Amino acid sequence: MINVKETRNSSATLRRRGRSLRTFRASALTATLLAGVAASPLAAQRAELERHIQRTTLPNGLDVIVVPNHGVPLVTIEADVKNGSFTQGPEYEGLSHLYEHMFFKANTLYPNPDEFVARASELGAVFNGTTSEERVNYYLTVPADSIDGGMRFLAAALIHPLFRADELAREREVVIGEYDRNESSPTFPFTTAMNKALWTTAWSRKNPLGERAVIQATTPEKMRVIQQRYYIPNNTALIITGDVTTEKAFALARQLFGDWQRGPDPFTAAPIPPIPPLVKDTAVIVEQPIGSVIVMLQWQGPGAHKDPAATYAADVFSDVLNQPGSRFQQRLVDSGLFESIGVNYYTLNNVGPITIEGETSPQKLTQALAALYEELRKLNDPAYYGAAELEATKQKRIVDTELNMERSSGFAQQLGFWWAVTGLDYFYGYVDTMAKQTAGDLQSYAAKYIIGKPHVTGVLLSADARNALHLTPRMLLDLGVRP
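Counting restarts for each chain, with residues numbered from 1 along the sequence as it is written. Given that the model is predicted, a residue must reach a pLDDT of at least 70 before its local features are reported, and side-chain atom pairs must reach 80 or more before they are shown or counted; all residues, however, enter totals for whole chains, interfaces and linings. Note: side-chain values were computed over all heavy atoms of the structure, leaving out hydrogens and water.

1. Concerning the pairing of strand E2 (residues 63-68)
Extensive coverage of E2 is indicated by the burial of five of its six residues. Being paired, for any two strands, means DSSP has found at least two bridges between them. The helix count covers DSSP runs of H or I at least four residues long, the strand count covers runs of E at least two residues long, and both are numbered beginning at the N terminus. Alignment of strand E1 (residues 54-57) against E2, held across four bridges, turns out to be antiparallel. Along E2, the bridge assignment pairs Thr56 with Val64. Adjacent in sequence and paired antiparallel, E1 and E2 are bridged by five residues, among which Gly61 carries a positive phi angle near 100°. In this sheet, strand E6 (residues 236-242) lies alongside E2 in parallel orientation, the contact comprising six bridges. Bridge pairing in E6 links Asp63 to Ala237. With a 1.4 Å probe rolled over the protein chains alone, any residue whose accessible area is under 20% of its type maximum counts as buried; one over 50% counts as exposed, and the rest are partly exposed.

The structure is reproduced here in C-alpha coordinates:
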(Lines give C-alpha, C1' and ligand atoms only; values in the text may rest on other atoms or scores of the structure.)
Protein backbone atom coordinates (compact mmCIF):
# COMPACT_ATOMS: atom_id res chain seq x y z
CA MET A 1 0.00 0.00 0.00
CA ILE A 2 1.32 3.39 -0.92
CA ASN A 3 0.91 5.85 1.86
CA VAL A 4 1.06 8.96 -0.26
CA LYS A 5 0.53 11.24 2.68
CA GLU A 6 0.24 10.28 6.25
CA THR A 7 1.03 11.91 9.58
CA ARG A 8 -1.22 14.23 11.46
CA ASN A 9 -1.67 16.30 8.30
CA SER A 10 -3.18 13.68 6.10
CA SER A 11 -4.12 10.03 5.87
CA ALA A 12 -3.40 6.78 4.08
CA THR A 13 -4.99 6.64 0.66
CA LEU A 14 -4.64 3.23 -0.91
CA ARG A 15 -5.40 -0.04 0.80
CA ARG A 16 -3.96 -3.24 -0.59
CA ARG A 17 -4.68 -6.11 1.71
CA GLY A 18 -5.91 -7.06 5.13
CA ARG A 19 -9.17 -6.51 6.88
CA SER A 20 -10.32 -3.36 8.53
CA LEU A 21 -9.76 -3.12 12.22
CA ARG A 22 -12.77 -2.56 14.35
CA THR A 23 -12.93 0.58 16.38
CA PHE A 24 -12.18 -0.30 19.94
CA ARG A 25 -13.04 1.71 22.96
CA ALA A 26 -10.53 4.29 24.05
CA SER A 27 -7.40 2.80 25.53
CA ALA A 28 -6.34 3.27 29.09
CA LEU A 29 -3.44 5.36 27.82
CA THR A 30 -5.68 7.58 25.78
CA ALA A 31 -8.15 7.96 28.57
CA THR A 32 -5.34 9.12 30.82
CA LEU A 33 -4.03 11.55 28.26
CA LEU A 34 -7.44 12.93 27.38
CA ALA A 35 -8.21 13.42 31.02
CA GLY A 36 -5.02 15.44 31.26
CA VAL A 37 -6.01 17.50 28.25
CA ALA A 38 -9.43 18.25 29.67
CA ALA A 39 -8.03 19.29 33.02
CA SER A 40 -5.13 21.35 31.75
CA PRO A 41 -4.82 21.47 27.97
CA LEU A 42 -1.43 23.09 27.96
CA ALA A 43 0.05 20.94 30.70
CA ALA A 44 3.31 19.13 29.97
CA GLN A 45 2.66 15.93 28.05
CA ARG A 46 6.24 14.73 27.58
CA ALA A 47 6.46 13.21 31.04
CA GLU A 48 3.16 11.41 30.54
CA LEU A 49 4.29 9.91 27.24
CA GLU A 50 7.69 8.93 28.58
CA ARG A 51 6.00 7.19 31.50
CA HIS A 52 3.83 5.03 29.21
CA ILE A 53 6.24 4.37 26.35
CA GLN A 54 8.96 1.87 27.31
CA ARG A 55 12.03 1.62 25.12
CA THR A 56 15.25 -0.35 24.85
CA THR A 57 17.88 -0.92 22.19
CA LEU A 58 19.27 -4.41 21.60
CA PRO A 59 23.06 -4.86 21.15
CA ASN A 60 22.50 -5.22 17.37
CA GLY A 61 20.93 -1.75 17.24
CA LEU A 62 17.24 -2.75 17.02
CA ASP A 63 15.02 -0.22 18.80
CA VAL A 64 12.26 -1.99 20.74
CA ILE A 65 9.34 0.18 21.87
CA VAL A 66 6.52 -1.15 24.03
CA VAL A 67 3.26 0.54 25.02
CA PRO A 68 1.17 -1.74 27.27
CA ASN A 69 -2.58 -1.23 27.15
CA HIS A 70 -4.78 -3.91 28.68
CA GLY A 71 -8.09 -2.46 27.49
CA VAL A 72 -8.78 -5.26 25.01
CA PRO A 73 -7.00 -8.67 24.59
CA LEU A 74 -5.18 -7.72 21.40
CA VAL A 75 -1.56 -6.97 20.54
CA THR A 76 -0.21 -5.01 17.58
CA ILE A 77 3.33 -5.79 16.43
CA GLU A 78 4.89 -3.37 13.99
CA ALA A 79 8.24 -3.09 12.23
CA ASP A 80 9.31 0.31 10.87
CA VAL A 81 12.25 0.59 8.49
CA LYS A 82 13.98 3.81 7.41
CA ASN A 83 13.39 3.04 3.76
CA GLY A 84 10.92 4.56 1.28
CA SER A 85 11.22 6.81 -1.72
CA PHE A 86 13.84 9.08 -0.13
CA THR A 87 16.34 6.24 -0.57
CA GLN A 88 15.54 5.79 -4.27
CA GLY A 89 17.67 7.03 -7.14
CA PRO A 90 15.99 6.81 -10.57
CA GLU A 91 17.09 3.20 -11.07
CA TYR A 92 15.21 2.13 -7.92
CA GLU A 93 12.16 4.41 -8.28
CA GLY A 94 9.21 2.52 -6.80
CA LEU A 95 11.16 -0.49 -5.56
CA SER A 96 10.79 0.27 -1.85
CA HIS A 97 7.06 -0.17 -2.45
CA LEU A 98 7.55 -3.39 -4.43
CA TYR A 99 9.74 -4.68 -1.59
CA GLU A 100 6.83 -3.99 0.77
CA HIS A 101 4.67 -6.30 -1.36
CA MET A 102 7.33 -9.04 -1.28
CA PHE A 103 7.49 -8.83 2.52
CA PHE A 104 4.28 -10.85 2.78
CA LYS A 105 5.59 -13.67 0.60
CA ALA A 106 7.75 -16.75 1.09
CA ASN A 107 10.59 -16.84 3.60
CA THR A 108 12.74 -19.58 5.07
CA LEU A 109 10.15 -20.39 7.74
CA TYR A 110 7.23 -20.42 5.26
CA PRO A 111 8.95 -21.26 1.95
CA ASN A 112 5.96 -22.15 -0.22
CA PRO A 113 3.62 -19.68 -1.95
CA ASP A 114 0.58 -18.81 0.17
CA GLU A 115 2.05 -20.57 3.22
CA PHE A 116 2.73 -17.17 4.81
CA VAL A 117 -0.87 -16.02 4.36
CA ALA A 118 -2.16 -19.35 5.65
CA ARG A 119 -0.11 -18.92 8.82
CA ALA A 120 -1.50 -15.39 9.27
CA SER A 121 -4.99 -16.85 9.06
CA GLU A 122 -4.14 -19.45 11.72
CA LEU A 123 -2.97 -16.66 14.00
CA GLY A 124 -6.14 -14.67 13.40
CA ALA A 125 -3.92 -11.81 12.30
CA VAL A 126 -4.99 -8.58 10.66
CA PHE A 127 -1.91 -7.39 8.77
CA ASN A 128 -0.77 -4.85 6.23
CA GLY A 129 2.09 -2.60 5.19
CA THR A 130 2.57 0.91 3.83
CA THR A 131 5.26 2.74 1.92
CA SER A 132 5.74 6.48 2.10
CA GLU A 133 8.55 8.94 1.50
CA GLU A 134 10.64 8.23 4.60
CA ARG A 135 9.53 4.95 6.10
CA VAL A 136 8.10 1.53 5.27
CA ASN A 137 6.07 -0.19 7.97
CA TYR A 138 4.57 -3.63 8.47
CA TYR A 139 2.07 -4.43 11.17
CA LEU A 140 -0.15 -7.19 12.40
CA THR A 141 -2.71 -7.33 15.16
CA VAL A 142 -3.29 -10.68 16.85
CA PRO A 143 -5.12 -11.99 19.91
CA ALA A 144 -2.96 -11.38 22.98
CA ASP A 145 -2.37 -15.11 23.49
CA SER A 146 -0.84 -15.31 19.99
CA ILE A 147 1.91 -12.78 20.58
CA ASP A 148 4.68 -15.41 20.46
CA GLY A 149 3.45 -16.71 17.11
CA GLY A 150 2.88 -13.21 15.80
CA MET A 151 6.40 -12.07 16.61
CA ARG A 152 7.92 -15.21 15.04
CA PHE A 153 5.79 -14.55 11.98
CA LEU A 154 7.05 -10.97 11.67
CA ALA A 155 10.67 -11.93 12.40
CA ALA A 156 10.70 -14.52 9.62
CA ALA A 157 9.42 -12.02 7.06
CA LEU A 158 11.77 -9.29 8.20
CA ILE A 159 15.00 -11.30 8.46
CA HIS A 160 14.67 -14.24 6.06
CA PRO A 161 12.80 -13.32 2.83
CA LEU A 162 13.32 -15.57 -0.20
CA PHE A 163 12.23 -13.28 -3.07
CA ARG A 164 11.00 -16.19 -5.21
CA ALA A 165 11.04 -15.28 -8.91
CA ASP A 166 7.48 -16.57 -9.42
CA GLU A 167 6.12 -14.47 -6.56
CA LEU A 168 8.05 -11.41 -7.70
CA ALA A 169 6.54 -11.74 -11.19
CA ARG A 170 3.04 -11.80 -9.68
CA GLU A 171 3.65 -8.88 -7.33
CA ARG A 172 5.07 -6.78 -10.16
CA GLU A 173 1.67 -7.07 -11.84
CA VAL A 174 -0.15 -6.23 -8.60
CA VAL A 175 1.95 -3.09 -8.19
CA ILE A 176 1.45 -2.16 -11.85
CA GLY A 177 -2.29 -2.54 -11.20
CA GLU A 178 -1.97 -0.01 -8.38
CA TYR A 179 -0.08 2.25 -10.75
CA ASP A 180 -2.85 1.90 -13.36
CA ARG A 181 -5.56 2.78 -10.85
CA ASN A 182 -3.71 5.93 -9.83
CA GLU A 183 -3.04 6.84 -13.44
CA SER A 184 -6.75 6.62 -14.29
CA SER A 185 -7.54 9.49 -11.92
CA PRO A 186 -7.76 12.93 -13.61
CA THR A 187 -5.73 14.41 -10.76
CA PHE A 188 -2.78 12.01 -11.23
CA PRO A 189 -1.12 13.82 -14.17
CA PHE A 190 -1.67 17.14 -12.39
CA THR A 191 -0.13 16.17 -9.05
CA THR A 192 2.69 14.38 -10.85
CA ALA A 193 3.48 17.47 -12.93
CA MET A 194 3.33 19.68 -9.82
CA ASN A 195 5.65 17.40 -7.86
CA LYS A 196 8.15 17.14 -10.69
CA ALA A 197 8.23 20.94 -10.89
CA LEU A 198 8.66 21.26 -7.11
CA TRP A 199 11.33 18.61 -6.59
CA THR A 200 13.07 18.84 -9.99
CA THR A 201 16.02 16.39 -10.07
CA ALA A 202 15.01 14.84 -6.71
CA TRP A 203 11.63 13.63 -7.97
CA SER A 204 12.52 9.94 -7.63
CA ARG A 205 13.08 10.54 -3.89
CA LYS A 206 9.55 11.91 -3.45
CA ASN A 207 7.74 9.30 -5.53
CA PRO A 208 6.78 6.16 -3.54
CA LEU A 209 4.60 4.90 -6.41
CA GLY A 210 7.60 4.79 -8.72
CA GLU A 211 7.99 4.43 -12.45
CA ARG A 212 6.34 1.69 -14.47
CA ALA A 213 9.46 0.69 -16.43
CA VAL A 214 11.57 0.36 -13.27
CA ILE A 215 8.93 -1.79 -11.57
CA GLN A 216 8.54 -4.05 -14.59
CA ALA A 217 12.30 -4.63 -14.84
CA THR A 218 12.84 -5.53 -11.17
CA THR A 219 14.89 -8.59 -10.34
CA PRO A 220 15.31 -10.59 -7.12
CA GLU A 221 18.87 -9.23 -7.01
CA LYS A 222 17.56 -5.67 -6.65
CA MET A 223 15.34 -6.80 -3.78
CA ARG A 224 18.47 -8.26 -2.14
CA VAL A 225 20.28 -4.94 -2.49
CA ILE A 226 17.44 -3.16 -0.66
CA GLN A 227 17.32 -5.87 2.01
CA GLN A 228 21.05 -5.86 2.70
CA ARG A 229 21.29 -2.08 2.81
CA TYR A 230 18.15 -1.06 4.74
CA TYR A 231 16.57 -4.14 6.35
CA ILE A 232 19.05 -4.36 9.18
CA PRO A 233 18.34 -4.10 12.92
CA ASN A 234 20.18 -0.80 13.33
CA ASN A 235 17.81 0.78 10.77
CA THR A 236 14.60 -0.69 12.20
CA ALA A 237 12.22 -0.21 15.12
CA LEU A 238 10.06 -2.98 16.57
CA ILE A 239 6.95 -1.53 18.21
CA ILE A 240 4.58 -3.60 20.36
CA THR A 241 1.38 -2.11 21.71
CA GLY A 242 -1.64 -3.58 23.46
CA ASP A 243 -2.30 -6.34 25.95
CA VAL A 244 1.28 -7.33 26.78
CA THR A 245 3.70 -6.65 29.61
CA THR A 246 6.88 -4.74 28.90
CA GLU A 247 8.98 -7.56 30.34
CA LYS A 248 7.45 -10.19 28.05
CA ALA A 249 7.72 -7.98 24.96
CA PHE A 250 11.38 -7.18 25.61
CA ALA A 251 12.16 -10.85 26.31
CA LEU A 252 10.52 -12.00 23.05
CA ALA A 253 12.34 -9.29 21.11
CA ARG A 254 15.68 -10.42 22.48
CA GLN A 255 14.87 -14.09 21.79
CA LEU A 256 13.59 -13.67 18.21
CA PHE A 257 15.53 -10.64 16.94
CA GLY A 258 18.71 -10.74 19.05
CA ASP A 259 20.69 -12.80 16.49
CA TRP A 260 19.75 -10.55 13.57
CA GLN A 261 23.05 -9.35 12.12
CA ARG A 262 23.86 -5.66 12.45
CA GLY A 263 24.85 -3.93 9.18
CA PRO A 264 26.80 -0.85 8.06
CA ASP A 265 25.00 2.47 8.45
CA PRO A 266 23.02 2.67 5.18
CA PHE A 267 23.19 6.45 5.09
CA THR A 268 26.97 6.42 5.31
CA ALA A 269 27.27 3.87 2.52
CA ALA A 270 24.63 5.64 0.38
CA PRO A 271 24.15 9.22 1.62
CA ILE A 272 20.86 10.92 0.77
CA PRO A 273 21.64 13.89 -1.51
CA PRO A 274 20.13 17.21 -0.40
CA ILE A 275 16.93 18.34 -2.10
CA PRO A 276 17.88 21.03 -4.63
CA PRO A 277 16.23 24.32 -3.66
CA LEU A 278 13.63 25.78 -5.98
CA VAL A 279 15.24 28.80 -7.63
CA LYS A 280 12.41 30.32 -9.67
CA ASP A 281 8.64 30.44 -9.95
CA THR A 282 7.12 27.80 -12.22
CA ALA A 283 3.65 27.45 -13.74
CA VAL A 284 1.93 24.14 -14.53
CA ILE A 285 -1.29 23.77 -16.55
CA VAL A 286 -2.83 20.34 -17.06
CA GLU A 287 -5.95 19.66 -19.11
CA GLN A 288 -8.38 16.96 -18.01
CA PRO A 289 -12.14 16.56 -18.58
CA ILE A 290 -13.33 18.11 -15.32
CA GLY A 291 -16.09 20.66 -14.72
CA SER A 292 -14.40 22.84 -12.10
CA VAL A 293 -10.88 24.23 -11.81
CA ILE A 294 -8.32 22.99 -9.30
CA VAL A 295 -5.72 25.53 -8.20
CA MET A 296 -2.58 24.48 -6.35
CA LEU A 297 0.37 26.47 -5.00
CA GLN A 298 3.39 24.63 -3.58
CA TRP A 299 6.61 25.64 -1.84
CA GLN A 300 9.50 23.69 -0.39
CA GLY A 301 8.98 23.83 3.38
CA PRO A 302 11.14 23.02 6.39
CA GLY A 303 12.82 19.72 7.14
CA ALA A 304 12.18 18.27 10.60
CA HIS A 305 15.85 17.89 11.57
CA LYS A 306 17.12 21.08 9.96
CA ASP A 307 14.40 23.45 11.20
CA PRO A 308 12.14 21.70 13.75
CA ALA A 309 10.80 24.98 15.18
CA ALA A 310 9.33 25.88 11.80
CA THR A 311 7.55 22.52 11.52
CA TYR A 312 5.56 23.20 14.70
CA ALA A 313 4.67 26.70 13.49
CA ALA A 314 3.70 25.20 10.11
CA ASP A 315 1.09 22.94 11.70
CA VAL A 316 -0.53 25.75 13.69
CA PHE A 317 -0.32 28.09 10.69
CA SER A 318 -2.19 25.59 8.50
CA ASP A 319 -4.85 24.99 11.11
CA VAL A 320 -5.49 28.69 11.69
CA LEU A 321 -5.97 29.35 7.99
CA ASN A 322 -8.14 26.26 7.56
CA GLN A 323 -10.53 27.12 10.38
CA PRO A 324 -14.05 27.96 9.16
CA GLY A 325 -14.56 31.65 9.76
CA SER A 326 -10.85 32.53 9.65
CA ARG A 327 -9.89 35.67 7.73
CA PHE A 328 -8.38 33.47 5.05
CA GLN A 329 -11.56 31.41 4.61
CA GLN A 330 -13.83 34.44 4.79
CA ARG A 331 -11.97 36.26 2.04
CA LEU A 332 -11.59 33.28 -0.29
CA VAL A 333 -14.49 30.89 0.38
CA ASP A 334 -17.23 32.85 2.12
CA SER A 335 -16.86 35.46 -0.61
CA GLY A 336 -17.73 32.83 -3.21
CA LEU A 337 -14.41 33.00 -5.07
CA PHE A 338 -13.45 29.43 -4.12
CA GLU A 339 -15.73 26.47 -3.43
CA SER A 340 -13.13 25.31 -0.92
CA ILE A 341 -9.49 25.92 -0.09
CA GLY A 342 -7.04 24.22 2.28
CA VAL A 343 -3.50 24.75 3.55
CA ASN A 344 -1.17 21.89 4.43
CA TYR A 345 2.38 21.24 5.56
CA TYR A 346 3.55 17.62 5.36
CA THR A 347 6.23 16.86 7.95
CA LEU A 348 9.30 15.20 6.46
CA ASN A 349 12.93 15.13 7.43
CA ASN A 350 14.22 15.77 3.91
CA VAL A 351 12.16 18.92 3.15
CA GLY A 352 8.37 18.75 3.47
CA PRO A 353 6.06 20.41 0.95
CA ILE A 354 3.74 23.31 1.75
CA THR A 355 0.54 23.14 -0.29
CA ILE A 356 -2.44 25.42 -0.80
CA GLU A 357 -5.15 23.76 -2.87
CA GLY A 358 -8.53 25.17 -3.82
CA GLU A 359 -11.42 24.56 -6.17
CA THR A 360 -13.14 27.27 -8.18
CA SER A 361 -14.97 27.71 -11.48
CA PRO A 362 -13.47 28.67 -14.85
CA GLN A 363 -15.37 31.97 -14.70
CA LYS A 364 -13.85 32.90 -11.32
CA LEU A 365 -10.32 31.57 -11.82
CA THR A 366 -8.55 34.85 -12.54
CA GLN A 367 -10.26 36.78 -9.77
CA ALA A 368 -9.83 33.91 -7.28
CA LEU A 369 -6.10 33.59 -7.94
CA ALA A 370 -5.58 37.34 -7.63
CA ALA A 371 -7.43 37.34 -4.31
CA LEU A 372 -5.40 34.38 -3.07
CA TYR A 373 -2.10 36.10 -3.78
CA GLU A 374 -3.36 39.29 -2.17
CA GLU A 375 -4.29 37.34 0.96
CA LEU A 376 -0.92 35.61 1.09
CA ARG A 377 0.87 38.94 1.18
CA LYS A 378 -1.03 39.77 4.40
CA LEU A 379 0.48 36.75 6.18
CA ASN A 380 3.54 38.84 6.98
CA ASP A 381 1.54 40.71 9.62
CA PRO A 382 1.32 38.99 13.07
CA ALA A 383 -2.05 40.71 13.59
CA TYR A 384 -3.44 38.46 10.84
CA TYR A 385 -3.53 35.63 13.38
CA GLY A 386 -6.06 36.56 16.08
CA ALA A 387 -5.26 35.50 19.66
CA ALA A 388 -8.59 33.72 20.26
CA GLU A 389 -8.35 31.98 16.89
CA LEU A 390 -4.80 30.87 17.63
CA GLU A 391 -5.64 29.44 21.04
CA ALA A 392 -8.69 27.58 19.72
CA THR A 393 -6.60 26.10 16.95
CA LYS A 394 -3.92 24.89 19.34
CA GLN A 395 -6.50 23.31 21.62
CA LYS A 396 -8.06 21.48 18.69
CA ARG A 397 -4.68 20.27 17.43
CA ILE A 398 -3.81 18.97 20.89
CA VAL A 399 -7.09 17.05 21.18
CA ASP A 400 -6.70 15.70 17.63
CA THR A 401 -3.21 14.51 18.49
CA GLU A 402 -4.45 12.70 21.56
CA LEU A 403 -7.37 11.14 19.69
CA ASN A 404 -4.93 9.66 17.21
CA MET A 405 -3.69 7.55 20.10
CA GLU A 406 -7.10 6.07 20.71
CA ARG A 407 -6.35 2.60 19.36
CA SER A 408 -3.23 0.67 20.24
CA SER A 409 -2.88 -0.41 16.58
CA GLY A 410 -3.12 3.18 15.37
CA PHE A 411 -0.76 4.38 18.07
CA ALA A 412 1.87 1.87 16.93
CA GLN A 413 1.73 3.29 13.41
CA GLN A 414 1.91 6.85 14.67
CA LEU A 415 4.92 6.08 16.85
CA GLY A 416 6.59 4.31 13.94
CA PHE A 417 6.18 7.29 11.65
CA TRP A 418 7.72 9.72 14.12
CA TRP A 419 10.52 7.30 15.01
CA ALA A 420 11.50 7.07 11.33
CA VAL A 421 11.01 10.68 10.22
CA THR A 422 11.80 12.94 13.17
CA GLY A 423 12.89 10.75 16.06
CA LEU A 424 10.76 10.07 19.12
CA ASP A 425 12.07 13.08 21.03
CA TYR A 426 10.22 15.30 18.55
CA PHE A 427 7.03 13.34 19.17
CA TYR A 428 7.40 13.52 22.95
CA GLY A 429 7.67 17.31 22.79
CA TYR A 430 5.03 17.89 20.11
CA VAL A 431 2.06 18.86 22.28
CA ASP A 432 4.11 21.04 24.61
CA THR A 433 5.82 22.89 21.77
CA MET A 434 2.57 23.32 19.85
CA ALA A 435 1.07 25.05 22.86
CA LYS A 436 3.85 27.65 22.85
CA GLN A 437 3.37 28.86 19.27
CA THR A 438 2.63 32.58 18.94
CA ALA A 439 1.38 34.83 16.16
CA GLY A 440 5.00 35.94 15.73
CA ASP A 441 6.10 32.32 15.19
CA LEU A 442 3.47 31.90 12.46
CA GLN A 443 4.50 35.16 10.79
CA SER A 444 8.18 34.11 10.88
CA TYR A 445 7.35 30.76 9.30
CA ALA A 446 5.35 32.43 6.52
CA ALA A 447 8.13 34.95 5.90
CA LYS A 448 10.82 32.27 5.81
CA TYR A 449 9.09 29.73 3.58
CA ILE A 450 6.16 31.34 1.71
CA ILE A 451 6.16 35.10 1.25
CA GLY A 452 8.37 36.05 -1.67
CA LYS A 453 9.77 32.53 -2.01
CA PRO A 454 9.97 30.55 -5.27
CA HIS A 455 6.94 28.38 -5.73
CA VAL A 456 4.97 26.33 -8.24
CA THR A 457 1.53 27.51 -9.36
CA GLY A 458 -0.66 24.86 -10.97
CA VAL A 459 -4.08 24.78 -12.58
CA LEU A 460 -6.08 21.70 -13.58
CA LEU A 461 -8.99 22.42 -15.93
CA SER A 462 -10.70 21.24 -19.08
CA ALA A 463 -9.34 22.01 -22.54
CA ASP A 464 -12.48 24.01 -23.33
CA ALA A 465 -12.09 26.13 -20.21
CA ARG A 466 -8.43 26.75 -20.95
CA ASN A 467 -9.19 27.79 -24.52
CA ALA A 468 -11.95 30.13 -23.37
CA LEU A 469 -9.55 31.78 -20.90
CA HIS A 470 -6.58 31.71 -23.31
CA LEU A 471 -4.64 30.52 -20.26
CA THR A 472 -0.87 30.18 -20.59
CA PRO A 473 1.91 29.53 -18.06
CA ARG A 474 3.09 33.11 -18.60
CA MET A 475 -0.35 34.41 -17.57
CA LEU A 476 -0.22 32.37 -14.36
CA LEU A 477 3.21 33.69 -13.51
CA ASP A 478 2.13 37.28 -14.19
CA LEU A 479 -0.97 36.83 -12.01
CA GLY A 480 1.05 35.59 -9.12
CA VAL A 481 4.03 37.87 -9.13
CA ARG A 482 5.25 36.57 -5.77
CA PRO A 483 3.08 36.48 -2.72
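2. So, the sheet that holds strand E3 (residues 74-81)
Note: strands within a sheet are paired through backbone hydrogen bonds, in either parallel or antiparallel orientation. What the six strands build is an open sheet, ordered E1-E2-E6-E3-E5-E4; its pairing is mixed. If you trace the sheet from one side to the other, it starts and ends with E1 and strand E4 (126-131), each paired once. Each strand of the sheet is rotated relative to its neighbour by a mean of 15°, with strand direction disregarded. Residues count as neighbours in contact if any of their non-hydrogen atoms are within 4.5 Å of one another. Here the axes come from fitting lines to C-alpha atoms, over the contacting stretch only for helices, and the angles between their N-to-C directions go from 0 to 180 degrees. Sitting on the sheet, helix H5 (residues 147-159) is in contact with E3, strand E5 (136-143) and E6, with an inclination near 15° to E3. In the packing of helix H16 (residues 408-421) onto the sheet, contacts are made with E1, E2, E3, E5 and E6, and the angle to E6 comes to roughly 155°.

3. Examining the packing of helix H4 (residues 115-123) against H5
Packing of H4 against H5 leaves a shortest axis separation of 10 Å and a crossing angle of 160°. What the angle tells us is that H4 and H5 run roughly antiparallel. Note that H4 runs across H5; the crossing there is left-handed. For the pair H4 and H5, the contacting residues are Phe116, Arg119, Ala120 and Leu123 in the first and Gly149, Gly150, Phe153 and Ala157 in the second. Of the residues belonging to the contact of H4 with H5, the class tally is five nonpolar, two polar and one charged. Roughly parallel refers to an angle under 35 degrees, roughly antiparallel to one over 145, roughly perpendicular to one between 65 and 115, and oblique to any angle outside these ranges. Note: crossing handedness is left-handed where the near helix turns anticlockwise from the far helix by less than a right angle, and right-handed where it turns clockwise. Note that Gly is not counted as nonpolar here; it falls among the polar residues with everything else outside the nonpolar set of Ala, Val, Leu, Ile, Met, Phe, Trp, Tyr, Cys and Pro and the charged set of Asp, Glu, Lys and Arg.

4. Points about the side chain of Asn182
Relative to the helices and strands, Asn182 is located in helix H6 (residues 165-183). Taking the relative accessible area as the measure of exposure, Asn182 reaches 18% and is therefore buried. In the analysis that follows, any N or O atom pair within 3.5 Å is treated as a polar contact, provided that within protein one partner can donate a hydrogen and the other can accept it, and provided that, for residues neighboring in sequence, both atoms belong to side chains. A distance of 2.9 Å separates a polar side-chain atom of Asn182 from the backbone oxygen of Glu178.

5. Here's the deal with the environment of Gly129
Within the secondary structure layout, Gly129 lies in strand E4. The buried category is assigned to Gly129, whose relative accessible area is 0%.

6. Thoughts on the pattern of salt bridges
Any Lys or Arg side-chain nitrogen found within 4 Å of a carboxyl oxygen on Asp or Glu counts as a salt bridge. One pass over the full model with this rule turns up 16 salt bridges. Asp307 is the salt-bridge partner of Lys448, the closest N and O atoms lying 2.9 Å from each other. Residue Lys448 is located in helix H19 (residues 439-449), and its partner Asp307 is located in the loop between strand E8 (293-300) and helix H12 (308-322); the two are separated by 141 residues in the primary sequence. Two residues, Glu375 and Lys378, come together in a salt bridge whose shortest N-O distance is 3.3 Å. Given a relative accessible area of 31%, Lys378 falls into the partly exposed group. Salt bridges here are not isolated pairs; linked through shared partners, they connect Arg46, Glu50 and Asp425.

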